[in-house]
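Here is how the chains run, residue by residue.
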Amino acid sequence: MDYLNAIVALTNFVLIPATAYGAQLALGALGVTLIYGILRFSNFAHGDTMAFGTMATIGATVLLQSWGVSFGPLPTALLALPFGIAATIALVLLTDVGVYRFYRTQKAAPVIFVIVSMGVMFIMNGLVRILIGPDDRRFADGERFIISAREFKEMTGLREGLALKTTQGITIVVAVLVVAMLFYFLNRTRTGKSMRAYSDNEDLALLSGINPERVVMVTWIIVATLATIAGVLYGLDKSFKPFTYFQLLLPIFASAVVGGLGNPLGAIFGGFLIAYSEVLITYAWKKVLVYTLPDALEPSGLVQLLSTDYKFAVSFALLVIVLLFKPTGLFKGKSV
């Protein structure tokens, strides 16, 4: 029975949170890897694009709630999500026309695009803070749990409870659907195939009659959609704070680089690898060990390798290791 309690504790505090977090990072990393693979630069404004999309969704959520609209047991933010996506698409397309297109026509080096994206990042970050403020905002309504720890204990008779939050379940389901739709689009549709051709060989794609501006526009639309969905799912699961999304840029980039920049499968794998690494290393293992070790060997401390304050250090360490020993990533993307 103690081993069952240990498994339940591990599932409750490690497996479920890491899976939900990994799905959020994977969706964010997919946006980064699409920009790098097709437009050929590292978009440092991606975290703040996620923040803008989440802010727009929160605004639409508040408006719907003021009209008495809800989504029953599910968060109202899911109904507001299309409005957030539309606002983010408009923002990134305006940014491309007003900023990136000039450097694209000048055939600027990728490092110039990186520097420009950093400027866009600071502007977006400031814009979001001005419009919604710098404080934490919780916007998840509806039922909090699919199954609560108390209900699980009553059903099983175990000492440890297993809780599955509604937002965690939504994150996993939505991530699976979005990834399936994205891969279908890239592999089965004419536009998706033209994007892949443009990514593989730009000159040959142009000779084949592919419209580069259309490819760029569709890429930004997909990236804005992924960024908004990832940002909203993260905000529902945790909370919304603009600076947190700025910090998320590190684990998202680490996910894309570890998996292989430019490789969508690598971005998904990298997202879950980073998430599980962060959670496993910063988790206090005392509860699990108390159930599995003899009384004489029970630990007195928390048995925590790193404090949760240093979880981003795990992402940074993995990023450095991969850049040193395998710059193309685990799935052989483009070299950084």
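Along each chain, numbering runs from 1 in the same order as the chain's sequence is written. A pLDDT threshold of at least 70 governs which residues receive local features in this predicted model, and a stricter bar of 80 or more applies before side-chain atom pairs are shown or counted, although totals over entire chains, interfaces and linings include all residues. Think of the side-chain values as coming from all heavy atoms in the structure, minus any hydrogens and water.

Quick look at the overall build of the protein chain now. A tally of helices and strands in the protein chain yields 14 helices and 2 strands. If one aligns the C-alpha atoms of the protein chain with their principal axes, the spans along those axes are about 70 × 55 × 40 Å. Burial classes follow relative accessibility: with a 1.4 Å probe on protein chains only, a residue under 20% of its type's maximum area counts as buried, one over 50% as exposed, and anything between as partly exposed. Every one of the 336 residues in the protein chain was classed for burial, and the buried ones make up 49%. Two residues form a contact once any of their heavy atoms are found within 4.5 Å. For the protein chain, the proportion of contacts with a sequence separation of at least 24, taken over those separated by at least 6, is 75%. Residues scored as charged are limited to Lys and Arg (positive) and Asp and Glu (negative), so that His and the chain ends carry no count. For this purpose, a charge sits on NZ of Lys, CZ of Arg, CG of Asp or CD of Glu. Side-chain charges in the protein chain split into 25 positive and 19 negative, and the spacing between the mean points of these groups amounts to 8 Å. Counting from the N terminus, the helices are DSSP H or I runs at least four residues long and the strands are E runs at least two residues long.

Okay, a nonpolar patch on the surface next. On the surface, Phe316, Val320, Ile321, Leu324 and Phe325 cluster together to form a nonpolar patch covering roughly 540 Å² of accessible area. Along the chain, phenylalanine 316 falls in helix H14 (residues 311–325). Surface patches are drawn from residues lacking salt bridges whose relative accessible area is over 30%; two like charges belong together within 9 Å, two nonpolar side chains (Val, Leu, Ile, Met, Phe, Trp, Tyr) within 5 Å. Surface exposure here means Shrake-Rupley accessible area, sampled with a 1.4 Å probe, where a residue is shielded only by the protein chains that are shown. What makes a salt bridge here is a side-chain nitrogen of Lys or Arg within 4 Å of a carboxyl oxygen of Asp or Glu, nothing more.

Next up on the list: the environment of threonine 219. With respect to the helices and strands, threonine 219 occurs in helix H9 (residues 212–237). Apart from the residues within four sequence positions on either side, threonine 219 is in contact with Leu34, Ile35, Ile38, Leu39 and Met195. Under the rule applied, a polar contact is a pair of N or O atoms within 3.5 Å (in protein, one hydrogen donor and one hydrogen acceptor; residues adjacent in sequence only if both atoms are side-chain atoms). There is a polar contact of 2.7 Å between the side chain of threonine 219 and the backbone oxygen of valine 215.

Moving on, we come to unusual backbone geometry. Of note in this structure, lysine 107 is not a glycine but carries a positive phi near 55°. The backbone of valine 303 shows a phi angle near 55°, a positive value even though the residue is not glycine. Look at valine 303 and you get partly exposed, because its relative accessible area is 35%.

Before going further, it helps to examine the packing of helix H6 (residues 166–188) against helix H12 (residues 264–282). Where H6 contacts H12, the two axes come as close as 12 Å, and the packing angle between them is 165°. The orientation of H6 relative to H12 falls into the category roughly antiparallel. Relative to H12, the crossing made by H6 is left-handed. Contacts between H6 and H12 pair Val179, Phe183 and Leu186 from the former with Pro264, Leu265 and Ile268 from the latter. Amino acids are sorted into nonpolar (Ala, Val, Leu, Ile, Met, Phe, Trp, Tyr, Cys and Pro), charged (Asp, Glu, Lys and Arg) and polar (every other residue, Gly among them). Looking at the contact of H6 with H12 residue by residue, the class counts come to 6 nonpolar, no polar and no charged. Helix axes are fitted to C-alpha atoms over the stretch in contact, other axes to C-alpha atoms as well, and angles between N-to-C directions run from 0 to 180 degrees. Orientation is classified from the angle alone, with under 35 degrees giving roughly parallel, over 145 giving roughly antiparallel, 65 to 115 giving roughly perpendicular, and any other angle giving oblique. Less than a right angle of anticlockwise turn of the near helix away from the far helix marks a crossing as left-handed, whereas a clockwise turn marks it as right-handed.

The criterion is simple. A nonpolar core is a set of buried Ala, Val, Leu, Ile, Met, Phe, Trp, Tyr and Cys residues joined through side-chain atoms within 4.5 Å. Counting residues in each nonpolar core, the largest one holds 79 residues, and the members touching the most others are Leu27 and Phe240. If you tally residues by element for this core, the top one is H9, at 15 residues. In this structure phenylalanine 240 touches Ala51, Thr54, Met55, Ile58, Val128, Ile132, Asp135, Asp136, Arg137, Phe139, Gly235 and Tyr245, once residues within four positions along its chain are discounted.

Let us now look at the pattern of salt bridges. Using the criterion set out here, one finds 7 salt bridges in the structure. Note that lysine 287 is salt-bridged to glutamate 160, the shortest N-O span being 3.6 Å. Of this pair, lysine 287 sits in helix H13 (residues 286–292) while glutamate 160 is found in the loop between helix H5 (149–156) and strand S2 (164–165), placing the two residues 127 residues apart along the sequence. By relative accessible area, which is 35% here, lysine 287 ends up partly exposed. Several salt bridges share partner residues, and in doing so they unite Asp96, Arg101, Arg104 and Glu213 into one network.

Once that is clear, we can look at the side chain of aspartate 48. By the element assignment, aspartate 48 lies in helix H2 (residues 46–66). Although aspartate 48 is buried, it makes no salt bridge; arginine 129 carries the closest opposite charge, 6.7 Å away. Those residues in contact with aspartate 48 that lie beyond four places of it in its chain are Met121, Met124, Asn125, Val128 and Phe246.

Bringing the environment of phenylalanine 183 into the picture now. Positionally, phenylalanine 183 belongs in helix H6. Separated by 82 residues in the primary sequence, phenylalanine 183 and leucine 265 place their C-alpha atoms 9.4 Å from one another. Excluding residues that lie within four positions of it along the chain, phenylalanine 183 makes contacts with Pro264, Leu265 and Ile268.

Before going further, it helps to examine H12. Each residue after the first adds 1.5 Å to the expected span of a helix. The terminal C-alpha atoms of H12, which comprises 19 residues, lie 27 Å apart, in line with the 27 Å expected from a rise of 1.5 Å per residue. Buried within H12 are the following residues: Pro264, Gly266, Ala267, Ile268, Gly270, Gly271, Ile274, Ala275, Ser277, Glu278, Val279 and Thr282. Tucked inside the fold, the buried residues of H12 contact helix H1 (2–39), H6, helix H11 (249–259) and H14. Between the side-chain oxygen at the start of H12 and the backbone nitrogen of leucine 265 there is a gap of 3.1 Å, and the oxygen is on asparagine 263.

Bear in mind that shape data such as this cannot, by itself, settle questions of function.
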